[in-house]
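So the chains spell out like this:
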Amino acid sequence: MYDENLIDESLEACRDLDVVREGTTAAGLFDGLHELNAANSSHSWEKVLDEIDIDSIKQDIIQTAFEPVIKTPDIVVNQKDNGRKKKKLFHNFFLAASCIVAAFLLSMFINSNIAHQTTIEGGSMEPALKNNDSVIIQKLSYYWEDPGRYDIIVFPITDRDKDGKRIYYIKRIIGLPGEIVQIIDGSVYINGKKLDDDVYSDEKIEDPGIAESPVQLAEDEYFVLGDNRNMSTDSRYTYVGMVKREDIEGEACCCIWPFSRIKKI
């Protein structure tokens, strides 16, 4: 079918001209054959070209021309990887923000409904609590039980500070709802009997205030005194008066600052 002598002759000529090299494409060979044809017109290169598979050459040229398109999947993969990284970064940011918000809401809930810290101002509760002591006020126990005698409680008074914020006092419960409180000769009497187990103050009360006469407590009222009885503004004075059950913010349970005064109250 082919002229073997002509083919051998052609290949030998290509070798002599160093046209056929490693990696040479069909298109390169095609150009080389044309150069050989111009250099040596005695060869019948048309016959050789007639035997070349033109379709294969075209396919080779097309593949070479569109080689960047073949690499497109790598670009798509990189785009997908970048998309995953951005999605993961957004997810991590959203998770961190959610944790911060949740922690903030939890702290607000605990502060409003379970316990919070407050700092003592003044010496009305000495020696139990001193000025600048930092204490924890817990509210949890009062959800299922009423305040008891000698609990140290925090409650607001009617007056407000210069910024319009409510002023809170901290005092010790002496009289319970329904009881009659009176101060006679510097001592506290409950329902006509001297309160002998009051170990939180041993000083004689100099000013009985409104408790000079018997004070009848309502079913939701508490009579409070400061431990430093003669340096305290408490239920003996109308400025403070009786403390309503609904106004009690919580009970002082422990002192946490300074370190030298850390203790359970």
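Above this note sits the structure.
Residues numbered from 1 in each chain as written. Predicted model: local features only at pLDDT ≥ 70, side-chain atom pairs only at ≥ 80, totals over all residues. Heavy atoms only, no water.

### With respect to a nonpolar patch on the surface
Then comes step 1: On the surface, a nonpolar cluster with roughly 400 Å² of combined accessible area is contributed by Val101, Phe104, Leu105 and Met108.
Then comes step 2: Residue position: Met108 is located in helix H6 (residues 72-113).
Then comes step 3: We classify Met108 as partly exposed; its relative accessible area is 41%. (Patch = residues over 30% accessible without salt bridge, like charges linked within 9 Å, V, L, I, M, F, W, Y side chains within 5 Å. Areas by Shrake-Rupley, 256 points an atom, 1.4 Å probe, with all protein chains shown as cover. Salt bridge = Lys/Arg side-chain N within 4 Å of Asp/Glu carboxyl O. Helix = DSSP H or I, 4+ residues; strand = E, 2+ residues; numbered from the N terminus. Buried < 20%, exposed > 50% of the residue type's maximum accessible area, 1.4 Å probe, protein only.)

### What about the layout of surface pockets?
Then comes step 1: Put simply, the largest pocket is a space of about 640 Å³.
Then comes step 2: Along the walls of the largest pocket sit 24 residues, with Thr118, Thr119, Tyr168, Tyr169 and Ile170 positioned nearest its centre.
Then comes step 3: Listed by contribution, the elements that provide at least two residues to the lining of the largest pocket are strand E1 (115-119) and strand E4 (166-175).
Then comes step 4: It is E4 that provides the largest number of residues to the lining of the largest pocket, a total of six residues.
Then comes step 5: Taken together, the residues that form the lining of the largest pocket break down as nine nonpolar, nine polar and six charged. (1 Å grid on protein atoms, 1.4 Å probe; cavity = no way out; pocket = protein on both sides within 12 Å on 5 of 7 lines; lining within 4 Å. Points joined across faces, edges and corners; volume = space filled by probe spheres on them. Nonpolar A, V, L, I, M, F, W, Y, C, P; charged D, E, K, R; others polar.)

### Regarding the packing of aromatic side chains
Two aromatic rings, taken as a pair, are described by how far apart their centres are and by the angle between their planes.
Then comes step 1: For the structure shown, the criterion picks out five aromatic pairs.
Then comes step 2: Taking the centre distance of 6.4 Å and the plane angle of 70 degrees together, the rings of Phe155 and Tyr169 count as edge-to-face. Here Phe155, found in strand E3 (residues 152-160), pairs with Tyr169, found in strand E4; they are 14 residues apart in sequence, far enough to count as distant.
Then comes step 3: Taking the centre distance of 4.8 Å and the plane angle of 70 degrees together, the rings of Trp257 and Phe259 count as edge-to-face.
Then comes step 4: For Trp257, a relative accessible area of 45% gives the class partly exposed.
Then comes step 5: When its relative accessible area of 62% is taken as the criterion, Phe259 is described as exposed.
Then comes step 6: Of the aromatic side chains, those joined through ring pairs into one cluster are Phe155, Tyr169 and Tyr239.
Then comes step 7: When the ring centre of Tyr169 is taken as origin, the NZ or CZ atom of Lys171, which lies over that ring, is 5.3 Å away.
Then comes step 8: Of note, Arg172 hangs over the ring of Tyr200, and the distance from its end group to the ring centre comes to 3.7 Å. (Phe/Tyr/Trp six-rings, centres within 6.5 Å; stacked < 30°, edge-to-face > 60°. Lys NZ or Arg CZ within 6 Å of the ring centre and 35° of its normal.)

### Considering the sheet that holds strand E8 (residues 215-216)
Sheet strands pair via backbone hydrogen bonds, and the direction of the pair is either parallel or antiparallel.
Then comes step 1: Read across the open sheet, the four strands follow the order E7-E6-E5-E8; overall the sheet is antiparallel. Each having just a single partner strand, strand E7 (193-194) and E8 make up the two edges of the open sheet.
Then comes step 2: Both strand E6 (residues 187-190) and E7 contribute to a ladder of two bridges, which runs antiparallel. Each residue of the ladder has a partner; that of Ile190, found in E7, is Lys193. (Pairing = 2+ DSSP bridges.)

### Considerations on the state of the cysteines
Then comes step 1: Inspection of the entire model under this criterion finds zero disulfides.
Then comes step 2: The cysteine Cys253 is free of any disulfide, with Cys254 supplying the nearest cysteine sulfur at 3.9 Å.
Then comes step 3: Relative accessible area serves as the criterion here: at 24%, Cys253 is assigned to the partly exposed category. (Disulfide = S-S within 2.5 Å.)

### Some words on the pairing of strand E5 (residues 180-184)
Then comes step 1: Side chains of E5 alternate between two faces, with Val181 and Ile183 buried and Ile180, Gln182 and Ile184 left unburied.
Then comes step 2: Pairing of E5 with E8, which is carried by two bridges, proceeds in the antiparallel orientation. Note that in E8 the partner of Val181 across the bridge is Val215.
Then comes step 3: Relative to E6, E5 is paired through four bridges, and the arrangement is antiparallel. Looking at E6, one finds that Ile183 is bridged to Val188.
Then comes step 4: Counting the residues that bridge the hairpin from E5 to E6 gives two residues, and of these Asp185 lies at a positive phi of roughly 50 degrees.

### Thoughts on the environment of Arg160
Then comes step 1: Here Arg160 lies in strand E3.
Then comes step 2: Leave out the neighbours within four places in its chain, and Arg160 touches Lys165, Arg166 and Ile167.
Then comes step 3: Among the polar contacts made by the side chain of Arg160, one reaches the main-chain carbonyl oxygen of Gly164 at a distance of 3.2 Å. (Contact = heavy atoms within 4.5 Å. Polar contact = N/O pair within 3.5 Å; in protein donor to acceptor, adjacent residues only side chain to side chain.)

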